[in-house]
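Report on the structure
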Amino acid sequence: MSSRALRRLERQRESATPEAENDSDHEEVKKPAVNRFAFLGAESDDDAGNNDLVDEAEPEQPVPETPTISRKKNKKKNKKKKKQQQQQQDNSDKEGEDDEDLDQFLEQIRQRDLANSKSVSVEAEGDGELDEDFEEQFDNSDPPIAYTAANFHYFTTSRLKECLPLLSIKAVKNLDPDNELKNLFGNLSLETIDDANSTTSMSISPEVLAQFRKIARLTRGWGGRDRRGVPGTSRKLLLTTIKDDYLPTAQKQLNMEELTTDDVVETLRYKEEDEGYDFLSNKVKAQAKLGVRHFKFTKVPSVSDRVANSKFYASVVMTPDPDALIQLIQQHPYHVETLLQVSMVFLRQGNNKAMSNALVEKCLFVFDRSFNKRFHEMLQDGKSELIRLPYETFMNRQFYLCIFRIITGMAERSTFFTALNYCKLLWGFSPAEDPIGVRYFIDHYAILSEEYDWLVKVANSPLITTYAQWYTPGIAFSEVLALLHLNKTEEARLRLEEAFTAHTYCAYHLLENIGLSSKPPTSLKDIYQDDYVVLASETYLVRAPLLWKDQLHRQFLHDELTKLFSTFKPQTTGSWLGKFFSKESKPIALPINLVRFAILSGENKVLAKVPESVFDRDDVLEYDVMPPKDASAAYDVFTGVDNTTGVTDALPNYIDHNIISAIVQNRTGAEFDELLDRLQLQEVEEGQVPAEE
């Protein structure tokens, strides 16, 4: 090749090189833009936003053709990205709507609860107008007071606040007898406790027991490992455990509600018609500030319950029939009134204490599972002193009676500390009124459980010192014994002088029976006595020998009472209680709570001291002894006149007269058929005798 040809090729090569470089550079500029669109589906939202900014800044350039497959992939990715974004937006909108609907629903529930709630709010009570000096005249009066008004005005809010710690059970475990047994006998094995708790309350065949266990497995929420679970709530039983022979049911037999301020005021006002509404309202609000709550049990309005109530009324009030009660408890195993009444049947007819106590525990289970949420929380926290159960409600009275029977059962098992805490619980339900008369027997369990300090504090608290009648013989002389156990002999001697002045009649019999004095230095005729003095003294004298066991204590009692009687004068008024119990004082009316306790105790010696006029009343029924009555709400069993606005209620309010009529007719028919059969048999026998002869 010539040199000229070589120079020509060199020029061509130099002219071709810049174009190739320019093309290469141009492709590199376009390539990022192509990649952006090709991989749009894989970019994040932030990257996509940045790419948009870049694309807007870049000039429009022709996009090089891509293979068909790449385009299809890009379309799918773009479609997928849009679908994901749309789905996220829909989910976000849906969640927002759900949250909004949930908030609206919760707000509706809250408004409904506020409108229908029966609870008393402490904050609401605090915001209301409250006259802080409404009890000033009663606070300034020095106790004891010689008389007791229906609403106990001198037992003011300040005095109640002072007594609250004494009525507290401290912890709900103190109501568990198993806990006391552990303290007495060491740690018991879980197998031992479970074996004791699984025992049946009544005789039951193995076949039926197996059916009950099968039903328990099918009833969700029944029992559990701790035997304290019940269907319909996550709360556990506090006072009882479920036995194997308890029929598993998903529906409870009772309800419980919290009372409003107006309800509580009306409950207090019916006792004293002349009492001002403002004063009682201020008293309820002042107690609410302390945390006091009022509750009541109510029956479930069902046909089954009305039938059970009617059959019970017919079998107890109209024509007493223990056999009919046994049949009734088989048909309605959780009927409260029947459980309590049948327990007494077993106790009296067969002296079967184990069966009787088991039925009472079953009754307590019915109440336990029906506790109100707030009631349950307060009891679980040991704040029993803030719980109030007005005695005017029939089912509240059944709960009082059930607790009273539980206390008796605890004494049979010698778990006296648990019995004492149940006494505190029962007393705290109504500290001033004390409808069952806890003041007449709580000292017994305090001494047996060795709670001497507590008893001394109670004896000197407003629970005892506010009114003269609250200083019962049991509290008076048991305080002396407690001080002796605490080695406070001089203080015991002073307290014995006060007890002697207040309860000379009781002191006379103590010297005669406990002090080993065959002939006291004075005559019983010189000592003032009336129905109240005799009956109140007997409630302590029947229990005194169990308490005064130590020979040194009995010698102290003998020596000191002998000295006091040697200087005794019938009209002596030496102490602050003498003027209320002196020989010249007027007869004291029998407190109704003393009569209730005397009847419920079942002690023959105590019942013998009850005046005969008491048993002439038509409301002395064992299942509801002398219930309070609202005169403005009279109820006639036969006419059916009922004022539903009344404060009090009773069993006749829950019976069905049609069912009562059917029961009476059936029973009369059965008796008539039995009489016909007997007459026919007699005729056959008379006709056969001559033939044989």
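Residues numbered from 1 in each chain as written. Predicted model: local features only at pLDDT ≥ 70, side-chain atom pairs only at ≥ 80, totals over all residues. Heavy atoms only, no water.

Quick look at the environment of N593 now. Relative to the helices and strands, N593 resides in helix α29 (residues 592-601). With relative accessibility at 10%, the residue N593 sits in the buried group. C-alpha separation for the pair N593 and R439, spaced 154 residues apart in sequence, amounts to 9.5 Å. Once residues lying within four places of it in the same chain are set aside, the contact partners of N593 are E433, D434, P435, I436, G437 and Y440. (Helix = DSSP H or I, 4+ residues; strand = E, 2+ residues; numbered from the N terminus. Buried < 20%, exposed > 50% of the residue type's maximum accessible area, 1.4 Å probe, protein only. Contact = heavy atoms within 4.5 Å.)

Throughout the structure, instances matching the rule amount to 23 salt bridges. One salt bridge connects D434 with R439, and the closest N-O pair in it is separated by 3.4 Å. For the residue pair D434 and R439, the accessibility class agrees, reading buried in each case. Beyond isolated ion pairs, a larger network of salt bridges with shared partners links K243, E361 and R413. (Salt bridge = Lys/Arg side-chain N within 4 Å of Asp/Glu carboxyl O.)

Right, let's talk about the pairing of strand β1 (residues 254-258) for a bit. Only one face of β1 is buried: it carries L254, M256 and E258, and the other face, with N255 and E257, is open. As paired strands, β1 and strand β2 (residues 293-299) are joined by 5 bridges and run antiparallel to one another. Following the sheet pairing, M256 is matched in β2 by F297. (Pairing = 2+ DSSP bridges.)

The strand order across the open sheet formed by 3 strands is β1-β2-β3, and the pairing between neighbours is mixed. Every interior strand has two partners, whereas the edge strands, β1 and β3 (387-388), have only one.

What follows is about the packing of helix α22 (residues 473-485) against helix α23 (residues 489-502). Viewed as axis vectors pointing N to C, α22 and α23 meet at an angle of 170°, and their least axial separation amounts to 8 Å. When the interaxial angle is binned, α22 and α23 end up roughly antiparallel. On α23, the residues that touch A476, F477, E479, V480, L483 and L484 of α22 are T489, E491, A492, R495, L496 and A499. Considering only residue class, the contact of α22 with α23 consists of 8 nonpolar, 1 polar and 3 charged. (Axes fitted to C-alpha atoms, helices over the stretch in contact; angles between N-to-C directions. Parallel < 35°, antiparallel > 145°, perpendicular 65-115°, else oblique. Nonpolar A, V, L, I, M, F, W, Y, C, P; charged D, E, K, R; others polar.)

Per the counting criterion, the structure on display carries 32 aromatic pairs. On the basis of an interplanar angle of 50° and a centroid distance of 5.8 Å, the ring pair of Y334 and F365 is categorised as tilted. Taken together, the residues Y334 in the loop between α13 (322-331) and α14 (336-349) and F365 in helix α15 (residues 353-368) connect sequence positions 31 residues apart. Comparing Y334 with F365, the two get one shared label, buried. Where F441 meets F597, the ring centres are 5.1 Å apart and the plane angle is 20°; that geometry is what we call stacked. Taken as a pair, F441 in the loop between α18 (416-428) and α19 (442-448) and F597 in helix α29 lie far apart in primary sequence, 156 residues in all. A relative accessible area of 7% places F597 in the buried class. Here the guanidinium or amino end of K362 rests over the ring plane of Y334, the centre of that ring lying 5.2 Å away. (Phe/Tyr/Trp six-rings, centres within 6.5 Å; stacked < 30°, edge-to-face > 60°. Lys NZ or Arg CZ within 6 Å of the ring centre and 35° of its normal.)

Along the chain, the position of R369 falls in the loop between α15 and α16 (373-380). Despite its burial, R369 remains without a salt bridge, the nearest opposite charge being carried by D368 at 9.1 Å. There is a polar contact of 3.1 Å between the side chain of R369 and the side chain of T249. Setting aside anything within four residues of it in sequence, one finds R369 in contact with W222, V230, P231, L237, T249, A250, Q251, K252 and Q253. (Lys, Arg positive; Asp, Glu negative; His and termini not counted. Polar contact = N/O pair within 3.5 Å; in protein donor to acceptor, adjacent residues only side chain to side chain.)

Here we take up unusual backbone geometry. Both trends apply: most residues other than glycine have a negative phi, and most peptide bonds are in trans. Cis geometry marks the peptide bond from P143 to P144, where omega comes out at 5°. Relative to the elements of secondary structure, P144 occurs in the loop between α5 (136-139) and α6 (157-167). One non-glycine residue with positive phi stands out, namely F152, at about 55°. When you line up the elements, F152 lands in the loop between α5 and α6. A relative accessible area of 11% means that F152 is categorised as buried. The backbone phi angle of K170 is positive, close to 70°, even though this residue is not glycine.

One recurring pattern in soluble globular proteins is that nonpolar side chains are buried together. Counting 156 residues, the largest nonpolar core has F367, L379, Y422, L510, W548 and L561 as its most contacted members. Here this core gets 11 residues from one element, more than from any other, and that element is helix α17 (residues 394-412). Residues within four places of W548 in sequence aside, it is in contact with F477, V480, L481, L484, I514, Y540, H553, R554 and L557. (Core = buried A, V, L, I, M, F, W, Y, C linked by side-chain atoms within 4.5 Å.)

End to end, α18 covers 18 Å across 13 residues, agreeing with the expected 18 Å (1.5 Å per residue, within 8%). Buried residues dominate α18, accounting for 11 of its 13 residues. Residues of α18 that are buried include every one of T418, A419, L420, N421, Y422, C423, K424, L425, L426, W427 and G428, and no others. (Expected span 1.5 Å × (residues − 1).)

A pair of packed helices is characterised by two quantities: the angle between their axes and the separation of those axes. Across the interface, helix α24 (residues 504-513) lies against helix α27 (residues 551-566) with an axial gap of 10 Å and an inter-helix angle of 130°. Judged by the inter-axis angle, α24 sits oblique to α27. Like other packed secondary-structure pairs, α24 and α27 cross with a definite hand, here left-handed. Residue-level contacts link T504, A507, Y508, L510, L511 and N513 of α24 to R554, L557, H558, L561, T562 and F565 of α27. (Left-handed = near helix turned anticlockwise from the far one by under 90°.)

The next subject is the confidence of the model for the protein chain. Scored by pLDDT, the protein chain has a mean of 79; 69% of the residues are at 70 or more. Scored below 50 in pLDDT, residues 117-127 shows 23 contacts in the model against residues more than four places distant or in partner chains. In this model, residues 688-693 is a region of pLDDT below 50 whose contacts with residues beyond four sequence positions or in other chains number 0 contacts. (pLDDT = per-residue confidence, 0-100.)

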